[in-house]
Amino acid sequence: MSGFVISNVKARQVLDSRGNPTVEVEISTDRFSARASVPSGASKGRHEALEIRDNGKEFLGKGVRKAVSNVKTVIAPKLIGLDAREQGEIDSLLIDLDGTENKSRLGANAILACSMACARLGAICKGVELYEHLGEICNSTPNVMPVPVMNIINGGKHAGNNLDIQEHMIMPVRAKSFLEALRKATEVYHLLKRKIESKYGKHAINVGDEGGYAPPMESSEEAFEIIVETIEEAGYGKEIALAFDAAASEFYDGKNYTLAGKSMGSGELLDFYSDLISTFNIISAEDPFAEDDWEGFVEFTRKFGNKIQVVGDDLFVTNVRRLKEGIERGACNCMLLKINQIGTVSEAMDAAKLAYENGYNVMVSHRSGETCDDFIADLSVAINCGQIKSGAPARGERVAKYNRLIRIEERLTDSSYAQNLKRTVLGSYL
Ligand code: PGA
Ligand code: ZN
């Protein structure tokens, strides 16, 4: 066991892609060392595990010194002496040490950084790649490369424009490999820049938090129209489909939804989506209703769930308990997986397992505030989920994940591109 026992844990405050502090942890044995840092959302779900912020003077309240200190003083002494390869044991310890339902004592940011660093260290100790190690932990044989689900026009909380719908995405579903899909989607991204510039001017080509453009558009129809024109022009009409993340909690006031200045109830919002879905080749819809509007989700799923993917993000928050409720009620057919919504790698993989057992798809996702940590690229392949949302193919923290996937695809000798989705609601689009 020599070489595999955790002997040192370091933690520090570093910056994320928005310039906000986040937690980075470095864990070592006497022979190996690994590092991980955690992301942070802007349109966070109410039911997510809690990331602890200092709320002091530094960094306008956003410091994470308290979380860093929790790693150093509370977590580190307990991790030292454990076998880095035993992820289940490590995550159980982290969960018990915190003891709260939403990890509010030590902070999900403190806990997750440790969980991720341990997983990476475990892989190094075993002499395998991270995706292989994670695959062993959840009894899967990693061999499916994911569809890059790219947010190329940003709105909502991620951009300074009037688009209420947060993410207008493309899914290059028809390709032979991840590399080919990435190339096609990236070409569309660049062509879109030219089109936006000629139509809206130079000031319209700045990008939002997730690397997509944030032009001064008034509606999602306008956004999808220009995306469709671009896909056609690029010659990928059949290969690239559309998706959106409404992040509807952000335009819900507890009673009504407000889209483009118009207040509407759940029924009207459903009609709005009906029009959008019948007009455009939309194959995946995320958070079309607010996080506690179960009825809205159930209705939406009843109406579209056998034709397109319905994704629960703020609704499920990668939480087995919320997902169970959704399964019982018939909400969605896909779970968005964000490890920092739940706080440990093991719990995130448990949620994925529950999703699969119930015929749900899983889409691994970044957050709008990211670092260049590429952990989720490995995770998406480890659980063979077939789809990953990591923003536009621009900005270092977004492409870090796509570039890692290029390397993973090169390593895998018998990989397929998203073939597992053939048996799902997305099957007919592949
Ligand atoms: P967030 O948004 O990371 O800002 O929460 C991402 C999403 O809603 O999918
Ligand atoms: Zn979302």
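Since the structure is predicted, the reported quantities are computational estimates derived from the model, not experimental observations. (Residues numbered from 1 in each chain as written. Chains lettered and ligands numbered in written order. Predicted model: local features only at pLDDT ≥ 70, side-chain atom pairs only at ≥ 80, totals over all residues. Heavy atoms only, no water.)

1. Focus on the pairing of strand 13 (residues 361-365)
Filter applied, for reference: The buried label applies to any residue whose accessible area, calculated with a 1.4 Å probe on protein chains only, is under 20% of its type's maximum; exposed applies above 50%, and partly exposed to all values in between. In this text, helices come from DSSP runs of H or I with a minimum length of four residues, and strands from runs of E with a minimum of two, each type numbered from the N-terminal end. Two strands make a pair as long as DSSP finds a minimum of two bridges between them. With its strands directed away from the observer, a crossover is right-handed exactly when the path from the first strand over the helix to the second travels clockwise.
Across the five residues that make up strand 13, a large majority, five, are buried. Of the two faces of strand 13, the one holding Asn361, Met363 and Ser365 and the one holding Val362 and Val364 are both buried throughout. Sheet analysis places strand 12 (residues 334-337) next to strand 13, joined by four bridges and oriented parallel. Note on strand 13: the bridge partner recorded for Cys334 is Asn361. Examined bridge by bridge, strand 13 and strand 14 (residues 387-389) share two bridges and lie parallel to one another. Note on strand 14: the bridge partner recorded for Val364 is Ile388. Between the parallel pair strand 13 and strand 14, the chain is carried across by helix 12 (residues 375-382), and the sense of this crossover is right-handed.

2. A few points about the sheet that holds strand 3 (residues 33-37)
Just so we agree on the cut-off: With axes taken as lines fitted to C-alpha atoms, and helix axes fitted only over the stretch in contact, angles between N-to-C directions fall between 0 and 180 degrees. We call two residues in contact whenever any of their non-hydrogen atoms come within 4.5 Å of each other.
Taken together, three strands build an open sheet; the order of strands is 1-2-3 and the sheet is antiparallel. Across the chains shown, the open sheet's two edge strands, defined by having one partner strand only, are strand 1 (8-15) and strand 3. In this sheet, adjacent strand axes meet at a mean angle of 20 degrees when their direction is disregarded. Across eight bridges, the pairing between strand 1 and strand 2 (residues 21-28) is antiparallel. If you follow Ala11 over to strand 2, its bridge partner there is Val25. Across the sheet, helix 1 (residues 65-79) touches strand 1 and strand 2, and the angle it forms with strand 1 is around 165 degrees. Of the strands in this sheet, strand 2 and strand 3 are in contact with helix 3 (residues 108-126), which crosses strand 3 at around 145 degrees.

3. Focus: the packing of aromatic side chains
As a reminder of what qualifies: For Phe, Tyr and Trp, rings pair up if their centres lie within 6.5 Å, where Trp contributes its six-membered ring, and each pair is then called stacked (planes under 30 degrees apart), edge-to-face (over 60) or tilted (otherwise).
Under the definition given, this model contains 13 aromatic pairs. Centroid distance Tyr273 to Phe289: 5.9 Å. Interplanar angle 75 degrees. Geometry classified as edge-to-face. Taken as a pair, Tyr273 in helix 7 (residues 266-279) and Phe289 in the loop between strand 10 (282-286) and helix 8 (294-304) lie far apart in primary sequence, 16 residues in all. The same class applies to Tyr273 and to Phe289, which are both buried. Judged by centre distance (4.8 Å) and plane angle (50 degrees), the ring pair of Phe300 and Phe304 falls under tilted. Highlighted residues: Phe300 and Phe304, both in helix 8, separated by four residues, approximately one helical turn. This pair shows no difference in class: Phe300 is buried, exactly as Phe304 is. Grouped by ring-pair contacts, the aromatic residues Phe244, Phe251, Tyr252, Tyr257, Phe272, Tyr273, Phe289, Phe297, Phe300 and Phe304 constitute a single cluster.

Purely geometric numbers; function is a separate question.
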